[in-house]
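Structural features, examined
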Amino acid sequence: MITKQKGTYDIYGDLAKKRAYVNDVLAALCEKYNYGYIETPVFEASELFHRGVGESTDMVKKETYDFQDRGERSITLRPEGTAGVVRWFVENKLYGNMTDPVKVFYNMKMYRYERPQSGRNREFTQWGFECFGSDDVMSDAEVVSLAYNAYRLLGLDDITIKINSLGDTESRDNYRAALKEYFAPHIKDLCPDCQDRFERNPLRILDCKFDAGNEIITNAPKTLDYLNAESKERFDKLLSMLDMMDINYEIDTNLVRGLDYYNHMVFEVVLNDSYALGGGGRYNGLVETLGGPSVPGVGFAMGYDRTILAMEENGVNIPINDSIDVYVLYVSDTEKETASYLVQDLRLNGFITETDTMNKSLKAQFKSVDRYNSKYMIILNDEDLKSNKIKIKDNKTKEEELIGINDLVDYLDMHM
Ligand code: HAM
């Protein structure tokens, strides 16, 4: 037997129905914000993700699925959505005539070689969105609001937005220097990963999962103290806009996010202080890093699988349809022929319809009706069919009626 790969899972049954519901809610919300749907390829040139996300990040150093294809190209499976969307934006020169921002959303599988645990997989889905062309805090606020409203619409009312600002390049460089100076005498007391991060990207020490809570980290210099006046003013404006929009946020000065491309606002969505249900921020340099002109960008990605898990764990009632409309039962060959015609007609008229395709006895067909939780059943009978009649039974009220075969669709339309 061949089993599924570690960190992957099959999507079927109720989970598939729950995901369909969540998709519908999110797509409808994105429409309200005037975002268009995009899908980018599952695999791209390795350089895109390595350069885009940052060679020194944990993701690129430890987690990307990199391989050579048969043409000896270096290929990487998509570990996140932003870099691919930026590649699309640059490749199609969408920066050419930017009278309005370019806004897109996606719902895509991602691949990261991580240690699987609850809510962390090697194949997982992100629902995310990106907005190009505006550097105004109004677009930061729009992105936070879209993320916030998505969780609330899904019934996760208690989420908190953790938010921070890394400032512009100057502020970030000053901060990085301050962190290096601060951590230098303590670095031997931190985990081996942090010792490595000290050289590569000291900001990342702040969100180390292993050393979380360590006093050395809690007492480290705070980004907000290193923002220059312009960056500080920008962040204050954003926060007052979020207040205006009634968005529940918490400033988290240790929030730096794991990817290299961020500047100014970064934010994460958490519930009960557990792992992040999503994260995002502004990335004004990324379009340029990936070969385009200087165009600002901002976006967010929801950990889709984690969010559904959180909905289940928090008792959110996810509406799924676990019943069918009609089951058609038959015994003789002529009844079977009529059944084949009837199910076709009912399905084309929008009713979820089942019939027997396994030569079951009538008794076994009745059991199927119960298993499928069918609202109605139609019991075909040659005698009734002679006068173009069929027997229909409402499974809830147990009421039975003999009706004209040509009246069936109208009958169901009236009764359902
Ligand atoms: P990220 O924080 O790496 O950001 O991922 C976003 C979310 O994806 C995380 O908060 C988490 O919920 C989910 N996630 C990440 N890794 C896994 C995993 N192994 N299993 C399950 N869920 C996972 C990004 O990817 C950025 N591209 C977000 C962004 C969009 N920034 C700007 N625009």
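This section reports on the structure supplied with the text. All values reported here derive from a predicted model rather than from experimental measurement.

About the criteria used
- Residues numbered from 1 in each chain as written.
- Predicted model: local features only at pLDDT ≥ 70, side-chain atom pairs only at ≥ 80, totals over all residues.
- Heavy atoms only, no water.
- Pairing = 2+ DSSP bridges.
- Helix = DSSP H or I, 4+ residues; strand = E, 2+ residues; numbered from the N terminus.
- Contact = heavy atoms within 4.5 Å.
- Axes fitted to C-alpha atoms, helices over the stretch in contact; angles between N-to-C directions.
- Parallel < 35°, antiparallel > 145°, perpendicular 65-115°, else oblique.
- Left-handed = near helix turned anticlockwise from the far one by under 90°.
- Nonpolar A, V, L, I, M, F, W, Y, C, P; charged D, E, K, R; others polar.
- Near = heavy atom within 4 Å.
- Polar contact = N/O pair within 3.5 Å; in protein donor to acceptor, adjacent residues only side chain to side chain.
- Areas by Shrake-Rupley, 256 points an atom, 1.4 Å probe, with all protein chains shown as cover.
- Core = buried A, V, L, I, M, F, W, Y, C linked by side-chain atoms within 4.5 Å.
- Buried < 20%, exposed > 50% of the residue type's maximum accessible area, 1.4 Å probe, protein only.
- Salt bridge = Lys/Arg side-chain N within 4 Å of Asp/Glu carboxyl O.
- Right-handed = clockwise from strand over helix to strand, strands pointing away.
- 1 Å grid on protein atoms, 1.4 Å probe; cavity = no way out; pocket = protein on both sides within 12 Å on 5 of 7 lines; lining within 4 Å.
- Points joined across faces, edges and corners; volume = space filled by probe spheres on them.
- Phe/Tyr/Trp six-rings, centres within 6.5 Å; stacked < 30°, edge-to-face > 60°.

1. Section: the sheet that holds strand β1 (residues 36–37)
- Strand order in this open sheet of 8 strands is β1-β5-β6-β11-β10-β9-β7-β8, and the pairing throughout is mixed. Every other strand in the sheet has two partners, leaving β1 and β8 (249–251) as the edge strands with one partner each.
- Packed onto the sheet, helix α5 (residues 137–153) meets β5 (102–111), β6 (123–132), β7 (160–165), β9 (263–270), β10 (278–282) and β11 (297–303) and runs at close to 15 degrees relative to β11.

2. Structural notes on the packing of α5 against helix α9 (residues 229–244)
- Across the interface, α5 lies against α9 with an axial gap of 9 Å and an inter-helix angle of 45 degrees. One finds that α5 runs oblique with respect to α9. Crossing hand, α5 versus α9: right-handed. For the pair α5 and α9, the contacting residues are V137, M138, D140, A141 and V144 in the first and R234, K237, L238, M241 and L242 in the second.
- Taken together, the residues of the contact of α5 with α9 sort by class into 7 nonpolar, no polar and 3 charged.

3. Focus on the environment of I163
- Relative to the assigned elements, I163 resides in strand β7.
- Taking C-alpha positions, I163 is 9.6 Å from V144, a pair spaced 19 residues apart along the chain.
- Ignoring anything within four residues of it in the chain, the contact list for I163 reads F235, L238, L239, L242, Y249, E250, I251, D252, L255, M265, V266 and F267.

4. Things to note about the site of the ligand
- Near the ligand, the surroundings consist of 27 residues, among which E80, E114, N121, E130 and Y262 are the closest.
- Within the contact set of the ligand, an oxygen atom lies 2.8 Å away from a side-chain nitrogen or oxygen of R257.
- At a separation of 3.3 Å, an oxygen atom of the ligand approaches a polar backbone atom of G278.
- Across the complex, the protein chains shield 95% of the 660 Å² of accessible surface that the ligand would expose by itself.
- Of all the elements in the fold, those that place two or more residues in the shell around the ligand are β6, β10 and β11.
- Of the residues contributing to the shell around the ligand, the split by class is 10 nonpolar, 10 polar and 7 charged.

5. Describing the nonpolar core
- V86, F132, F183, L190, I205 and L206 are the most contacted members of the largest nonpolar core, which totals 47 residues.
- Sequence-distant contacts of F183, that is, excluding residues within four places in its chain, are made with L190, F198, P202, I205, L206, I216, I217 and A220.
- Among the nonpolar cores identified, the runner-up in size contains 45 residues, and L26, V143, V144 and M265 belong to it.

6. Considerations on the pattern of salt bridges
- Within this structure, the stated rule accounts for 25 salt bridges.
- Close ionic contact of K18 with E312 constitutes a salt bridge, the shortest N to O distance being 2.8 Å. Remark: E312 occurs in helix α11 (residues 304–313) and K18 occurs in helix α1 (residues 13–32); sequence separation between them is 294 residues.
- Here R200 and D196 are joined by a salt bridge, their closest N and O atoms 2.7 Å apart. Pair noted here: R200 and D196 are both in helix α7 (residues 192–200), with a separation of 4 residues, about one helical turn.
- Through salt bridges that share partners, D58, K61, D196, R197, R200 and R204 make up one connected network.

7. Some words on the pairing of strand β12 (residues 326–329)
- Alternating residues of β12 divide into V326 and V328 and Y327 and L329, and every residue in both groups is buried.
- The handedness of the β12 to strand β13 (residues 353–355) crossover, carried by helix α12 (residues 333–348), is right-handed.
- Pairing analysis gives 4 bridges linking β12 to strand β14 (residues 376–379), with the strands arranged parallel. Looking across to β14, one finds that V326 is bridged to Y376.

8. A word on the sheet that holds strand β2 (residues 43–45)
- Here we have 3 strands laid out as an open sheet, ordered β2-β4-β3, and antiparallel in their pairing. Edge strands, defined here as strands with exactly one partner in the open sheet, are β2 and β3 (66–68). Strand-to-strand twist in this sheet, taken as the mean axis angle between neighbours without regard to direction, amounts to 40 degrees.
- Where β2 and strand β4 (residues 74–77) come together, 3 bridges link them in antiparallel fashion. Paired with E44 across the bridge in β4 is T76.
- Along the sheet face, helix α2 (residues 46–53) touches β2, β3 and β4 and points at about 75 degrees away from the line of β2.

9. Re empty space enclosed by the protein
- Tallying each qualifying case throughout the model produces 1 cavity of 30 Å³ or more.
- In this structure, the largest cavity encloses a volume near 50 Å³.
- Residue lining of the largest cavity: L166, R172, N201, L203, R204, V256, R257, G258, L259, D260 and Y262, and that is the complete set.
- Tallied by class, residues from the lining of the largest cavity come to 5 nonpolar, 2 polar and 4 charged.

10. Re the packing of aromatic side chains
- Applying the stated criterion across every chain, the model contains 15 aromatic pairs.
- An angle of 65 degrees between the planes, with centres 5.3 Å apart, marks the rings of Y37 and F105 as edge-to-face. Note that Y37 is positioned in strand β1 and F105 in strand β5, a separation of 68 residues in sequence.
- You can call Y37 partly exposed: its relative accessible area is 45%.

11. Digging into the environment of G285
- Looking at the secondary structure, you find G285 in the loop between β10 and α10 (286–289).
- For G285, a relative accessible area of 34% puts it in the partly exposed group.
- Taking the C-alpha atoms as reference points, G285 and N314, separated by 29 residues in sequence, lie 38 Å from one another.

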